[in-house]
Amino acid sequence: MAGPRPPAGLLLAVPLLPLLLLPAAPAPPRAPYKPVIVVHGLFDSSYSFRHLLGYINQTHPGTEVTVLDLFDGRESLRPLWEQVQGFREAVAPIMAKAPQGVHLICYSQGGLVCRALLSVMDDHNVDSFISLSSPQMGQYGDTDYLKWLFPTSMRSNLYRICYSPWGQEFSICNYWHDPHHDDLYLNASSFLALINGERDHPNATAWRKNFLRVGRMVLIGGPDDGVITPWQSSFFGFYDANETVLEMEEQLVYLRDSFGLKTLWARGAIVRCPMAGIAHTAWHSNHTLYVTCIEPWLS
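Residues numbered from 1 in each chain as written. Predicted model: local features only at pLDDT ≥ 70, side-chain atom pairs only at ≥ 80, totals over all residues. Heavy atoms only, no water.

For the chain, an unreviewed UniProt entry supplies the name Lysosomal thioesterase PPT2 and the organism Pipistrellus kuhlii. Entered under Catalytic activity (unreviewed entry) in the UniProt record, the comment concerning the chain runs "S-hexadecanoyl-N-acetylcysteamine + H2O = N-acetylcysteamine + hexadecanoate + H(+)". As recorded by UniProt, the Sequence similarities (unreviewed entry) comment attached to the chain reads in full: "Belongs to the palmitoyl-protein thioesterase family." (UniProt positions renumbered as here; feature names shortened; annotations may be inferred.)

Chemist: Please give an account of the overall build of the chain that cites residues and values.
Modeler: Counting its regular elements, the chain contains 14 helices and 8 strands. Per-residue burial over the chain gives 51% buried out of 299 residues. A separation threshold of at least 6 residues defines the contact pool for the chain, and within that pool the share at least 24 residues apart is 68%. Split by element, the accessible area of the chain, about 14,200 Å² in all, is 58% carbon and sulfur. (Helix = DSSP H or I, 4+ residues; strand = E, 2+ residues; numbered from the N terminus. Buried < 20%, exposed > 50% of the residue type's maximum accessible area, 1.4 Å probe, protein only. Contact = heavy atoms within 4.5 Å. Areas by Shrake-Rupley, 256 points an atom, 1.4 Å probe, with all protein chains shown as cover.)

Chemist: Tell me about the nonpolar core, residues and numbers included.
Modeler: Here is a general trend for soluble globular proteins: nonpolar side chains tend to be buried in one another's company. Among the nonpolar cores identified, the biggest contains 61 residues, and Leu104, Val126, Phe129, Met217, Phe236, Leu261 and Leu264 are the most heavily contacted of them. At 7 residues, helix H5 (residues 109-120) tops the list of elements feeding residues into this core. Counting 24 residues, the second-largest nonpolar core is a separate cluster that includes Ile105, Tyr107, Leu289 and Tyr290. (Core = buried A, V, L, I, M, F, W, Y, C linked by side-chain atoms within 4.5 Å.)

Chemist: Quick one: what's the story with the packing of aromatic side chains, residue by residue and with numbers?
Modeler: In this structure the tally under the stated criterion is 13 aromatic pairs. Judged by centre distance (5.5 Å) and plane angle (35 degrees), the rings of Tyr55 and Tyr290 are tilted. Residue Tyr55 is found in helix H3 (residues 50-59), and its partner Tyr290 is found in helix H14 (residues 287-294); the two are separated by 235 residues along the sequence. For Tyr55, a relative accessible area of 15% translates into the label buried. The exposure class of Tyr290 is buried, given its relative accessible area of 1%. Residues Tyr140 and Trp176 carry aromatic rings whose centres are separated by 5.5 Å and whose planes lie at 50 degrees to one another, so their mutual orientation is tilted. Note that Tyr140 is positioned in the loop between strand S4 (126-132) and helix H6 (144-149) and Trp176 in the loop between helix H8 (171-174) and helix H9 (182-188), a separation of 36 residues in sequence. There is no split in this pair, since Tyr140 and Trp176 are both buried. Each residue in the set Tyr140, Trp176, Phe238 and Tyr239 is aromatic and connected to the rest through ring pairs, giving one cluster. Over the face of the ring belonging to Phe259 we find Arg115, whose NZ or CZ atom lies 4.7 Å from the ring centre. (Phe/Tyr/Trp six-rings, centres within 6.5 Å; stacked < 30°, edge-to-face > 60°. Lys NZ or Arg CZ within 6 Å of the ring centre and 35° of its normal.)

Listed below in structure tokens is the structure:
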């Protein structure tokens, strides 16, 4: 007597058993992460970014991260155009070896150095420019840095120093922006007024074109920073003559699109990431900030 017949479905599956036992096809290789270049701020050094380096290695293993060790400590007071030239020579070979693009993470004063790099480098290939608590529209505040550098001055009279040829030899004066002396700022600022396109110069059109090569600009800052004044400068906001903060969309540099800010916004390429509760010296070591505002843009 014949035994019970196996279910029909099992008979159909038998010829497929060798296929089912084969190992799964390997997943397609993942594109490597783009190199990351980090530029420090005033009085900083590469050591300040050890936490950030660890976070990147943890979430994006294998990423080539270069924390540029230039103009450290007091050398960070050198004129910003001098620093831009030095950092330009350092980033150019990294970019040349990364045809897929690079990411820039630039902290505090370094965010202005990086924005200038985006303007002056005709062939930069920056995918994400991450501006980490940087005074993008300038600085106007009585901070500990200011008291240490100019102990006899306050913000109300620092323009007398900063808007002189001698004062412009200090990096902090290159982005000192006194809202009560706008004419002096526009005529004397050898750095910020130029990269903002607030003053006519022969390279304005080329710089604007270069700036717009960037893939996206991520702006990070917050109300508890304690150094960047006003803190909205991190988002291209700044004081008017009454010291009322006007947001980015109300600034003349945006309305006139003088260096490409409005075009970048229309493209959807500006990301704003405000974070409360973070002091100025903690932006590059705060893990929550990294996960929320930096990690998503490191492709």
